[in-house]
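Listed below are the residues making up each chain.
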Amino acid sequence: MRSAVWLPLFDELADPRVVADLAVEAEAAGWDGFFVWDQLDWRAPVTAVADPWVCLAAAAAVTSRVALGPMVSPLARRRPTKVARETASLDRLSDGRLVLGVGVGSDSFAREYSRTGEPVEDRTRAELLDESLEILRSAWTGEAVHHHGKHHLVDGMIFAPTPVRGDIPVWVAAFPGNLRPLRRAARHDGVFPVNLTSPDQLAEAVARVGALRADLARPYDVAIDLTPGTDPAPWVAAGATWVLTDVDPATLRLDSVRRMVREGPAS
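Once a new chain begins, its residue numbering starts again from 1 and follows that chain's sequence as written. In view of the model being predicted, local features appear only for residues whose pLDDT reaches at least 70, and side-chain atom pairs are presented and counted only at 80 or more, with totals across whole chains, interfaces and linings using the full set of residues. To get the side-chain values, take all heavy atoms of the structure and skip hydrogens and water.

Asker: Got a sec to walk through unusual backbone geometry? Specific residues and values, please.
Answerer: With omega at 15°, the peptide bond leading from Ala-44 into Pro-45 counts as cis. With an omega of 0°, the peptide bond between Met-71 and Val-72 qualifies as cis. By the element assignment, Val-72 lies in the loop between β3 (67-70) and β4 (73-74). The residue Asp-11 is not glycine, and still its phi comes out positive at about 50°. A run of H or I in DSSP becomes a helix once it reaches four residues, and a run of E becomes a strand once it reaches two; helices and strands are each numbered from the N terminus. Residue placement: Asp-11 occurs in the loop between β1 (2-7) and α1 (16-29). At Asp-95, a residue that is not glycine, the phi angle is positive and equals roughly 60°. With respect to the helices and strands, Asp-95 occurs in the loop between α3 (80-93) and β5 (100-103).

This is how it looks when you write it as structure tokens:
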């Protein structure tokens, strides 16, 4: 099992310098990863929100070991060609430590989509996500990208430089009872089951994804989020390979986050 700090970039954490300092402390305390939320807005009492890519660049520049990335990024509201440049640049800045968490997202959290004219239908956002992932995978190879989809067009562009290892791990968020996101997750490098209620539910999701994967010999990660202080052992036994801290944005305080980071991961 590997452990990661997972932080919403809200209010006292809506400052890239603060985030970079926390990343340094996380690496020193023995955490394996440092992940951040990707939100444009959030509901009250949150009033300030930082950009994840700027914060991750700041964290990458001052660390050398921890994996890092957005967890998760709703690619439906981002241009995949821009994300191709951002991910490759951040991966090279971090010397190959980037992990890209992705998901369909939801308008229910803060009405980010409906208030900015983005598609709110799950099916449309899922189509956008799948096209974006196809473009990213092609872009990271360094070969010319030819994509003529329903939502996106890329006509022969080459994206260089490429990621350090020629690819970037992609973890896909999925509700464990929904087959379509699990199929999407099985095509990539990891799954992040959300809204889990028990280790048994996780074990079922892991089994379903395993049955859908084409190459079981290829490394694959299963990430979950747990409230700090929760015993991770039953979840690891159910198949989790990464445990992320679940920090409630409604009670977010920099002093308590810093204390949690400095205490290090659960054994």
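Here the narrative resumes, following the displayed structure.
Asker: Hey, could you go over the sheet that holds β1 for me, with residue numbers and the actual values?
Answerer: Judged by pairing direction, the sheet is parallel, and its nine strands sit side by side in the order β3-β2-β1-β11-β10-β9-β8-β5-β4 without closing on themselves. Of all the strands in the sheet, the pair left with one neighbour each is β3 and β4. At least two DSSP bridges between two strands are required for those strands to pair. Of the pairings in the sheet, the one linking β1 to strand β2 (residues 33-36) comprises four bridges and is parallel in character. Within the sheet, the bridge partner assigned to Trp-6 lies in β2 and is Phe-35. Relative to strand β8 (residues 170-174), helix α5 (residues 179-186) is tilted by about 170°, and along the sheet it contacts β8 and β9 (190-193). Whether two residues touch is decided by their heavy atoms; if any such pair falls within 4.5 Å, the residues are in contact. For helices, the fitted line uses only the C-alpha atoms of the stretch in contact; every axis is such a line through C-alpha atoms, and the angle between N-to-C directions lies from 0 to 180 degrees.

Asker: Summarise the side chain of Glu-131; cite the residues concerned and give the values.
Answerer: Considering the arrangement of structural elements, one finds Glu-131 in helix α4 (residues 122-139). Polar contact criterion, stated in full: a pair of N or O atoms within 3.5 Å, where within protein one must be able to donate a hydrogen and the other to accept it, and residues adjacent in sequence count only if both atoms are side-chain atoms. A polar side-chain atom of Glu-131 sits 3.0 Å from the main-chain amide nitrogen of His-151. When near neighbours in sequence (up to four residues on either side) are disregarded, Glu-131 contacts His-147, Gly-149, Lys-150, His-151 and His-152.

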